[in-house]
Amino acid sequence: MSDNNQNTNFTNQEFKVVGSRPERPDGIDKVTGRALYGADTYAPGQLVGAILRSPHAHAKIKSIDTSKAEKLKGVKAVLTSKDLPDLVGGAGPNYDILVNCMARDRALYDGHAVAAVAAIDENTARKALKLIKVDYKILPHVTDVDEARKPNAPIVQPGTRTANVEPAPTKDSNIAARNQFGHGDVDEGFKQADVIIEKTYKTEQTHQGYIEPHACLASVGPDGSGELWVTTQGHYTFRTVCSTLLGLDIAKLKVTSSEIGGGFGGKTHVWMEPVALGLSRKANRPVKVVMSREEVFRASGPTASTSMDIKIGATRDGRITAATADLRYQGGPFPGMWGLLGAMTSFACYNLPNVKTVAWDILVNRPKVAAYRAPSAPMAAFGVESTMDLVADAIGMSPVDFRMLNAAREGTRASYGPTYGPIGILPTLEAVKNHPHMTAPLGPNQGRGMACGFWFNFGGQTATDLNISTDGTVNLTIGTVDVGGSRASMSLIAAEELGISYDEIKCNIGDTNSLGHNDTTEGSRGTFSSGMATIFAARQAIDVMRERAAQKWEIPVEEVEWKDGEAHAVGVHHSNLIPLSLKEIAKASPRTGGPIAGHNETVADNAGVSFASHICDVEVDPETGSTRVIRYTVVQDAGKAIHPQYVEGQFQGAAAQGIGWALNEEYIYGEDGRLQNAGFLDYRIPVCSDLPFIDTKILEIPNPDHPYGVRGVGETSIVPPLAAIGSAVSNAVGVRMDHVPMSPPRIRAALKAQAASEKAVSAG
Amino acid sequence: MPDIQFSGAVRQAVGDVASIHIEATTIRELLRKLVERHPRVQSLIDEGLAVSINGHIYRDGWTTPIPPDAEVFLMPRVPGG
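Just so it is clear, the structure is predicted and the values come from calculations on it, not from any experiment.

S.K.: Honestly, the overall build of chain A in this entry has me stumped. Any pointers?
M.R.: The secondary structure content of chain A amounts to 19 helices and 28 strands. Reported as C-alpha extents along the three principal axes, the dimensions of chain A are approximately 100 × 75 × 50 Å. In chain A, once contacts between residues fewer than 6 apart in sequence are set aside, the share between residues at least 24 apart is 79%.

S.K.: I keep staring at the sheet that holds strand E22 (residues 566-569) of chain A and nothing clicks. Help me out?
M.R.: Neighbouring strands of a sheet are bound in pairs by backbone hydrogen bonds; such pairs are parallel or else antiparallel. Residue and element names in this part refer to chain A. Strand order across the open sheet formed by 3 strands is E21-E22-E23, with antiparallel pairing between neighbours. On the outer flanks of this sheet lie strand E21 (560-563) and strand E23 (580-581), each paired with one strand and no other. Note: E22 against E23, 2 bridges, orientation antiparallel. Across the sheet, residue Ala567 finds its bridge partner in E23, namely Leu580. Running over the sheet, helix H15 (residues 526-553) touches E21, E22 and E23 and is turned about 130° from E21.

S.K.: Honestly, the sheet that holds strand E15 (residues 320-330) of chain A in this entry has me stumped. Any pointers?
M.R.: Residues and elements named next belong to chain A. What the 6 strands build is an open sheet, ordered E8-E16-E15-E14-E9-E28; its pairing is mixed. Two strands bound the open sheet, and with one partner strand each, they are strand E8 (175-183) and strand E28 (739-740). With 9 bridges joining them, strand E9 (residues 195-203) and strand E14 (residues 306-314) adopt antiparallel strand pairing. Following the sheet pairing, Glu198 is matched in E14 by Lys311.

S.K.: Where do I start with the nonpolar core in this structure?
M.R.: Side chains of nonpolar character tend, in soluble globular proteins, to be buried together. All names here are of chain A. In this structure, Val117, Val275 and Ile725 are the most contacted members of the largest nonpolar core, which totals 257 residues. Per-element accounting of this core gives the leading share, 11 residues, to H15. Not counting residues up to four positions away in its chain, the partners in contact with Val117 are Ala50, Ala69, Val75, Ala77, Val78, Ala125, Ala128 and Leu129.

S.K.: For this particular structure, what's the right way to read the domain arrangement of chain A?
M.R.: One frequent convention defines the size of an interface as the accessible area lost when the parts assemble. Residue and element names in this part refer to chain A. Domain boundaries assigned for chain A yield domain 1 (1-35 + 428-450 + 609-764), domain 2 (47-140 + 208-299) and domain 3 (459-604). Once you take the C-alpha centre of each, domain 1 and domain 3 turn out to be 38 Å apart. Facing 23 residues of domain 1, the contacting portion of domain 3 comprises 20 residues. In terms of residue class, the side of domain 1 that touches domain 3 is built from 11 nonpolar, 7 polar and 5 charged.

S.K.: Looking at this structure, how should I read the interface of chain B and chain A?
M.R.: Taken residue by residue, the interface counts 22 residues in chain B and 36 residues in chain A. Residue assignment for the side of chain B that touches chain A shows that the elements contributing at least two residues are helix H1 (8-13), strand E4 (56-58) and strand E5 (72-76) of chain B. Grouping the amino acids of the side of chain B that touches chain A by side-chain chemistry returns 8 nonpolar, 10 polar and 4 charged.

S.K.: Help me out: how do you make sense of the pairing of strand E17 (residues 446-455) of chain A in this one?
M.R.: Put simply, side chains in a regular strand alternate between the two faces of the sheet. Residue and element names in this part refer to chain A. Counting buried positions along E17 gives 9 out of 10 residues, so the element sits mostly inside the fold. Bridge count for E17 against strand E25 (residues 610-620) is 10 bridges, and the pairing is antiparallel. By the bridge assignment, Gly447 is partnered in E25 with Val618.

S.K.: Would you mind going over helix H11 (residues 377-395) of chain A with me for this structure?
M.R.: Residues three or four positions apart in an α-helix share a direction because the helix packs 3.6 residues into each turn. A rise of 1.5 Å per residue sets the reference length of H11(A), with its 19 residues, at 27 Å; its end C-alpha atoms lie 26 Å apart and thus fit the reference within 8%. When you tally the buried positions in H11(A), you get 15 out of 19 residues, the bulk of the element.

S.K.: How should I be thinking about the packing of helix H7 (residues 235-246) of chain A against helix H8 (residues 273-283) of chain A in this particular structure?
M.R.: How two helices pack is summed up by the angle between their axes together with the distance between the axes. Residues and elements named next belong to chain A. Remark: H7 packs on H8, axes separated minimally by 10 Å, with the N-to-C direction vectors making an angle of 50°. Looking at the two axes, H7 sits oblique to H8. Considering only the axes of H7 and H8, their crossing is right-handed. In this structure, H7 uses Phe238, Cys242, Leu245 and Leu246 to contact H8, whose residues at the interface are Glu273, Pro274, Leu277 and Gly278. Taken together, the residues that form the contact of H7 with H8 break down as 6 nonpolar, 1 polar and 1 charged.

S.K.: Whenever I open this one, helix H14 (residues 486-498) of chain A confuses me. Can you help?
M.R.: Residues and elements named next belong to chain A. Here H14 contains 13 residues, and its C-alpha end-to-end distance of 18 Å stays within 8% of the 18 Å for a straight helix at 1.5 Å per residue. Among the 13 residues in H14, 13 count as buried, and that is most of the element. Gly499 occupies a position one or two residues after H14 and carries a positive phi of about 80°.

S.K.: Explain the pairing of E5(B) here, please?
M.R.: Residues and elements named next belong to chain B. Here E5 lies mainly inside the structure; 5 of its 5 residues are buried. With 2 bridges connecting them, strand E1 (residues 3-5) and E5 associate as parallel partners. By the bridge assignment, Ile4 is partnered in E5 with Val72.

Calculation notes
Residues numbered from 1 in each chain as written. Chains lettered and ligands numbered in written order. Predicted model: local features only at pLDDT ≥ 70, side-chain atom pairs only at ≥ 80, totals over all residues. Helix = DSSP H or I, 4+ residues; strand = E, 2+ residues; numbered from the N terminus. Contact = placed C-beta atoms within 7 Å. Pairing = 2+ DSSP bridges. Axes fitted to C-alpha atoms, helices over the stretch in contact; angles between N-to-C directions. Core = buried A, V, L, I, M, F, W, Y, C linked by C-beta atoms within 7 Å. Buried ≥ 20, exposed ≤ 12 C-beta atoms within 10 Å, placed from the backbone. Domains from an automatic or database assignment. Nonpolar A, V, L, I, M, F, W, Y, C, P; charged D, E, K, R; others polar. Expected span 1.5 Å × (residues − 1). Parallel < 35°, antiparallel > 145°, perpendicular 65-115°, else oblique. Left-handed = near helix turned anticlockwise from the far one by under 90°.

If you want it as structure tokens, here you go:
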């Protein structure tokens, strides 16, 4: 449900179509199969690309013999790292991407690409892969984040010295960086506490679980120009990265984003796309590469696994006096900022006088980690919110009241540094407290939990183009990939500004040749930033139409105003002038100055931070440890909801992913360092029958830095579920769960440990 | 203008101090003067920095004016998912 009455009038603007729920413009194509995804396009002479991957967690590549594969009939190109020379200086993020796309001297994880072929069909490509002989020297490996920190752990990347530590380390380690945030004096704060709770938590690695695997069709000609059709969240970013790695001119590589079957952060990075382009360049033919599900698990970018120590102190009357977090996040074999993000977000919901968070970014022999919605925040929230519940319980306050008492407000200094402006955590908590869900009765073996979450949200570089056809219909071209309904939202915004109907707008995602650079659709930025650019582009087109009307009426343009899709002459002198509709002005456009268009190029900063509070009920079978979520409610501050149904969909989708993450999903590695469950049979994401209806409540607390008050909405609701479900399960079974996922074996183990502990106490 | 505040890697790059005073009217001027005094900050800018002005986070808008008496905080440029 949507609560549209809260503070939406800050601009004194009454919306006519924004906030309505029209049909999705891409809906029919998607349900009838007309929509074209990453694997759904073809080119004359197209080859099939396939990638040979390391079966070892860590190995030196002594040699690669491709001679037999090259001689196989039907093979048109074989590629190794020699075909992808280092053009980026041998260090830094782009070099890490290059190494991840194709291993050089060492395979760094099970699934790391070591060679690739392009052949006339898939069978030939697979045969060719088997003919490639790689001589490996197996090296010691480490896949666990805590094991990797130990002094004698195998070194994943020789030369790694922990950054931001004084004095600088003199020995290699797997700790890539330390980062610290906070303010006040935590030691003094803990002295003021009546109750201090300290606990260690662990979360396992999960995958975003998008249904569409990575897929692309690459074509590079001998003149150095190329095209890439790809499933991605950011085709402009892919163009820049691929061009950089392959030495192509950015303007000569045209990248087109296909429909996307889910991304959630996993499609913000390139994986095999540079390899496909490299194969095409070598074969001089188009090459299509489609990852198998196993490859998606082994060789794309899951989220980090973590361990953490959380400590919170509070007075008996419920005031938090100090809080600390020591967070260990693994990023795979390359340095990342995953721990840093955990440290920045962990206590962002609260007004803390003394807070300190320390992040350690750790290297392990697992795939290169990628973002997964609000990256890194859910894991830190699991530890912090679980500990918040323990403190609340210790002082005898309800979890909601404890959080409300300590919630951040306008003027609060955030734990990551800046002072908040108007923010919405308190309203989400008030909505939770007053929600009927919180007082609904629970049955046997059932438990309830609630938790809060925070995410920053971002805008970024954005370009938009709006063209009015001679029949008055409108082509709106945006450059942010539509991952969650932005075509519908942009159409609503354009319709609102122009004063025409939603059905008269056709919104397209432009390829990289058609607009200026657009940053990747990440950070919940799509509707915020393209919405802003669409508003300004429409207003520019309106200015053109006012000029055309003024020209016809032979009056100054200042005396023409735009209202309800028509140009109106203003003032008593013009009362005899009949308003000109957009359609009339558009029809006359060939003879009044040519095409009518509006454009906008902007950097859309100030997306506005966002908060969510969730409630969850579960039922746990004490014999099997199986957990079923029986009721779930999401409350989130969304700013102005342009298309509320899509906003609800974002809330529900994030909650569903969080339920899978909390209860079942995890990467399971064997002692050999190989991933043991690289498929949906063994890596269990929730299906419809696993989920209750996820109720939603949209709080429209406007973002003062957007013309309509829009905030990002796509990420924040992935943050609370681990903790909300963790508390619900803990309340159901009577044992505080501290390890995600809370799978049946872990719940049974926790119950068994508790029983043993109680037995020991009674015996002693 | 008040002090510019730091945390994390930026704080390390400016000699492990929590804040320093810089006269600047835009983000660009602020970063230029900061690099002049602390050259190690340049690599962090290259990797990505964001500037919070009165709680509003700017990742790319280097022409953004910094009002007198604003709270200015340098922080990592955060990616999303």
